[in-house]
Amino acid sequence: QVQLVESGGGLVQAGGSLRLSCASSGRTFSRYLMGWFRQAPGKEREFVAAISRSGGTTLYSDSVKGRFTISRDNAKNTVYLQMNSLKPEDTAAYYCAADGSLVVTPTTREERYDQWGQGTQVTVSS
């Protein structure tokens, strides 16, 4: 198991940027596929981005493709979410998650992720 702690959230104006970080405890971080999800008030949690163990494969939701970039540094046990051109509709609590299965390809499916962080709030003002 890994423990995940997100940071980097905050208040930003539309068009601005933020970088979220998710630090993992333990020595097995590189074995996990990693993902970012978000949940806006009154809405269900939704997939944002995912990355393979090596970082060579990434997935994005259509709503963030071209604006957000997921990356990881296995030496630092950290996954990042660079968010550019932020919009008010990006306002949400952002969660990182770890998929400890043996599957090779990262997934958008929330049920595959078995470890979750506590979340960090991102608020984009118009």
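Student: Would you mind showing me how to read the overall build of the chain here?
Tutor: If you tally the helices and strands in the chain, you get zero helices and eleven strands. Traced from its N-terminal end to its C-terminal end, the chain shows the element sequence β-β-β-β-β-β-β-β-β-β-β. Over its C-alpha atoms the chain spans a radius of gyration of 13 Å, differing by no more than 12% from the 14 Å that the globule rule assigns to 126 residues. Along the first, second and third principal axes, the C-alpha atoms of the chain reach 40 × 25 × 25 Å. Burial status across the chain gives 46% buried among its 126 residues. Counted over contacts in the chain with a minimum sequence separation of 6, partners at least 24 positions apart contribute 60%. If you sum the accessible surface of the chain, you get close to 6400 Å²; carbon and sulfur atoms cover 46% of it.

Student: I keep staring at the sheet that holds strand β7 (residues 68–73) and nothing clicks. Help me out?
Tutor: Strand pairing in a sheet is mediated by backbone hydrogen bonds. Such pairs are either parallel or antiparallel. Read from one edge of the open sheet, four strands run β1-β3-β8-β7, paired in antiparallel fashion. Whereas interior strands pair on both sides, the edge strands pair on one side only; in this sheet they are β1 (4–7) and β7. Taking the axes of each pair of neighbouring strands and ignoring which way they run, one obtains an average angle of 15 degrees across the sheet. Sheet topology note: the β7/strand β8 (residues 78–83) ladder contains six bridges and is antiparallel. Considered in β8, the bridge of T69 is made with Q82.

Student: It is not clear to me how the pattern of salt bridges should be interpreted in this structure. Could you clarify?
Tutor: Where charged atoms from two side chains of opposite charge come close, those side chains can pair. Per the counting criterion, the structure on display carries seven salt bridges. Among the salt bridges present, the one from D99 reaches R112, with a minimum N-O distance of 2.6 Å. Of the two residues, D99 sits in strand β9 (residues 92–99) while R112 sits in the loop between β9 and β10 (115–116), which places them 13 residues apart along the sequence. Residue class for D99 comes out buried when judged on its relative accessible area of 0%. With relative accessibility at 17%, the residue R112 sits in the buried group. If you follow the salt bridges from partner to partner, you end up with R38, E46, R67 and D90 in one network.

The rules behind the values
- Residues numbered from 1 in each chain as written.
- Predicted model: local features only at pLDDT ≥ 70, side-chain atom pairs only at ≥ 80, totals over all residues.
- Heavy atoms only, no water.
- Helix = DSSP H or I, 4+ residues; strand = E, 2+ residues; numbered from the N terminus.
- Rg over C-alpha atoms; globule rule 2.2 N^0.38 Å.
- Buried < 20%, exposed > 50% of the residue type's maximum accessible area, 1.4 Å probe, protein only.
- Contact = heavy atoms within 4.5 Å.
- Areas by Shrake-Rupley, 256 points an atom, 1.4 Å probe, with all protein chains shown as cover.
- Pairing = 2+ DSSP bridges.
- Axes fitted to C-alpha atoms, helices over the stretch in contact; angles between N-to-C directions.
- Salt bridge = Lys/Arg side-chain N within 4 Å of Asp/Glu carboxyl O.

Such coordinate-based values are descriptive only and should not be taken to indicate function.
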